[in-house]
Amino acid sequence: MTIATTPISDAIGVEVTGYTTADFLDPGAAQHCHVLLERHGVVVYREAHISDPDLVAFSRALGEVVVAGAGGHPDYPEISPVTLDPSRSALAGLRRSTIFWHTDGLTDQVPQKATLLTAREVADEGGDTEFANTYAAFEALPADRRVELESYRVVHSVAASQLLLTPDPTPEQAAKWDRAPSREHPLVWQRRDGRKSLLIGATAGQIVGMDPERSRGLLDEVLDWATQPQFVLRHHWSVGDLVVWDNTGMLHRAIPYEPTSRRLMHRTTLVGEEAIA
């Protein structure tokens, strides 16, 4: 089958068709993916049916791969099964918070570089994944608004994301969240290459030095701006799809699906390469 590459929209996403699992082992496949990620933020390989060993090999060709640890695949420790079924993953209960817009690793100094997610089984209803391009969202702001946002710093924490699910936690829950790492970052992250993205989403709890009510309102306003339809890609999964995204400039979230759903994804994650400064 001929390999074809088609942009999904001006702001976000590109679809690649014609790949088979063996194509990901070609020496040029990783470089091509890097180019597409820089241009489009999200790369959708339609029904590629990549095998688990080839998923690991392709991930390694793209960068250093995070070892999943607890809840990882029994045969491939780099792979994390993503499911709400506790019999398939010890981390199933933690997946509930993925319905909120977020960027992985914002409680770290160096967030993950990119994520690869492939569909093994899909939900009958729900279970799509949405992505929002915060590079494009920042660039589309009026110049004076960009300058204003660049002056702010934000505290990211596990507690901020968990409060979205459990707004009235027990003292034990609150204490557990507070023991987890938190991190202060600029609201606007300027990269070594000059590009700028917005560090917002579920973990963004408080703008430093700002009244809490005003802080919450501003963070919600910026998130609403960045997740407008023109900046968003909604991916409806088919079995065999592989989606790769730039975790440092894309927000993502899962559309809710039933806990009893058979939906099963295999995920690998690339270690970050640039600290937030």
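Procedures and definitions
Residues numbered from 1 in each chain as written. Predicted model: local features only at pLDDT ≥ 70, side-chain atom pairs only at ≥ 80, totals over all residues. Heavy atoms only, no water. UniProt positions renumbered as here; feature names shortened; annotations may be inferred. Buried < 20%, exposed > 50% of the residue type's maximum accessible area, 1.4 Å probe, protein only. Helix = DSSP H or I, 4+ residues; strand = E, 2+ residues; numbered from the N terminus. Contact = heavy atoms within 4.5 Å. Pairing = 2+ DSSP bridges. Salt bridge = Lys/Arg side-chain N within 4 Å of Asp/Glu carboxyl O.

An unreviewed UniProt entry annotates the chain as Taurine catabolism dioxygenase TauD, TfdA family protein originating from Mycolicibacterium fortuitum. Of the comments in the UniProt record for the chain, the one headed Sequence similarities (unreviewed entry) reads "Belongs to the TfdA dioxygenase family." As stated in UniProt under Cofactor (unreviewed entry), the record for the chain gives "Fe(2+)".

J.: Could you give me a rundown of helix α5 (residues 158-165), with the residues and numbers involved?
T.: Three or more residues of α5 are buried, namely A159, A160, S161 and Q162. Where α5 is buried, its residues meet β7 (153-157), α6 (171-179) and β11 (204-207).

J.: Give me the pairing of strand β1 (residues 4-7): which residues, what numbers.
T.: Inspection of the sheet shows β1 paired to strand β2 (residues 14-17) by four bridges, in the antiparallel sense. Paired with A4 across the strands is T17, a residue of β2. Where β1 folds back onto β2 in an antiparallel hairpin, the turn is made up of six residues, including G13, whose phi is positive at roughly 90°.

J.: Outline the pattern of salt bridges, listing residues and values.
T.: This structure, assessed with the given rule, holds 15 salt bridges. The shortest N-O distance in the salt bridge between D128 and R234 comes to 2.9 Å. Here D128 is found in the loop between β5 (114-121) and β6 (129-133), whereas its partner R234 is found in strand β12 (residues 232-235), with 106 residues between them in sequence. Between R192 and E274 there is a salt bridge; the shortest N-O distance is 3.9 Å. Taken together, the positions of R192 in the loop between β9 (188-190) and β10 (196-198) and E274 in the segment after β15 (264-270) put the pair 82 residues apart, joining distant regions of the chain. The class for E274 is buried, based on a relative accessible area of 18%. Overlapping salt bridges bring together E15, R46 and D241 as one network.

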